[in-house]
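# Understanding the architecture of this molecule
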Amino acid sequence: MFGTGLGAMVGLLVVALLVVPVSFGVAARADAKARRLSESPAPGANEGRSVAVAEMTGRCDQWRQLATRAWLICGGASLVAVVVVGVLICVG
């Protein structure tokens, strides 16, 4: 019984350690994309400028939401990894 719980904890640690770099990469790329979109001027002629600005703002907001979610996942997985390592140190 004790070995099964220990194996599950090690499995959880492995999963958390795989999620951290992946979510970090997604968050960093989404942040960079949102920053680029917010800094670049909207392309287009004067008559279609308001539509282009609204479209760019919408895309920028989507990238920011993705970045926020990815940062939260990265932080949560990091926290899980730290807790699991602490438990494994106490148990083992």
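Looking only at helices and strands, the chain has two helices and zero strands in total. The long-range share in the chain, meaning contacts at least 24 apart out of those at least 6 apart in sequence, stands at 81%. Looking at the chain as shown, the accessible area adds up to about 6,400 Å², and 70% of this sits on carbon and sulfur atoms.

Another point: the packing of aromatic side chains. In the structure shown here, the tally under the stated rule is one aromatic pair. Considering the side-chain rings of F24 and W71, the 5.4 Å spacing of their centres and the 80° angle between planes classify their relative orientation as edge-to-face. Of the two residues, F24 sits in helix α1 (residues 2–39) while W71 sits in helix α2 (residues 49–91), which places them 47 residues apart along the sequence. Using a relative accessible area of 44% as the deciding quantity, one classes F24 as partly exposed.

Mapped onto this numbering, the UniProt entry annotates "transmembrane region" (unreviewed entry) at residues 6–28 and 70–89. The annotated region residues 6–28 carries 100% helix and 0% strand content, and the separation between its end C-alpha atoms amounts to 33 Å. Across residues 70–89 one finds 100% helix and 0% strand; the C-alpha atoms that close the span lie 28 Å apart.

Further remarks concern a nonpolar patch on the surface. Nonpolar side chains collect at one region of the surface, where L6, V10, V14, L18, L79, V83, V87 and V91 lie side by side and expose about 650 Å² of accessible area between them. Judged by relative accessible area, which is 40%, V10 ranks as partly exposed.

Examined against the element boundaries, V87 turns out to sit in helix α2. Classification of V87 as partly exposed rests on a relative accessible area of 33%. Once the C-alpha coordinates of V87 and M9 are considered, the two residues, 78 residues apart in sequence, prove to be 8.5 Å apart.

What follows is about the nonpolar core. Counting residues in each nonpolar core, the largest one holds five residues, listed as L13, A16, A81, V84 and L88. No other element matches α2, which puts three residues into this core. In contact with A16, not counting residues within four places along its chain, are A77, V80 and A81.

Reading the values: the criteria
- The residue numbering used here restarts from 1 in each chain and proceeds along that chain's sequence as written.
- Totals for whole chains, interfaces and linings use every residue, but because this is a predicted model, local features are given only for residues with pLDDT of at least 70 and side-chain atom pairs only at 80 or more, for both listing and counting.
- Excluded from the side-chain calculation are hydrogens and water; included are all heavy atoms of the structure.
- Per the convention used, a helix needs a DSSP run of H or I reaching at least four residues, while a strand needs a run of E reaching at least two, with both numbered from the N terminus.
- Contact definition: two residues touch when any of their heavy atoms are within 4.5 Å.
- For accessible areas, the Shrake-Rupley method is used with a probe of radius 1.4 Å. Any residue's cover is judged against the shown protein chains and nothing else.
- Only Phe, Tyr and Trp rings take part, Trp by its six-membered ring, and two of them pair if their centres are within 6.5 Å. Stacked means planes under 30 degrees apart, edge-to-face means over 60, and tilted covers everything else.
- When accessible area is computed with a 1.4 Å probe and restricted to protein chains, residues below 20% of their type maximum are described as buried, those above 50% as exposed, and intermediate ones as partly exposed.
- UniProt positions are given in the numbering used here, feature names are shortened, and annotations may be inferred rather than shown by experiment.
- A residue counts toward a patch only above 30% relative accessible area and without a salt bridge, and it is joined to like-charged neighbours within 9 Å or, for Val, Leu, Ile, Met, Phe, Trp and Tyr, to nonpolar neighbours within 5 Å.
- Definition used for salt bridges: Asp or Glu carboxyl oxygen within 4 Å of a side-chain nitrogen of Lys or Arg.
- In this description, a nonpolar core means a group of buried Ala, Val, Leu, Ile, Met, Phe, Trp, Tyr and Cys residues linked to one another through side-chain atoms lying within 4.5 Å.

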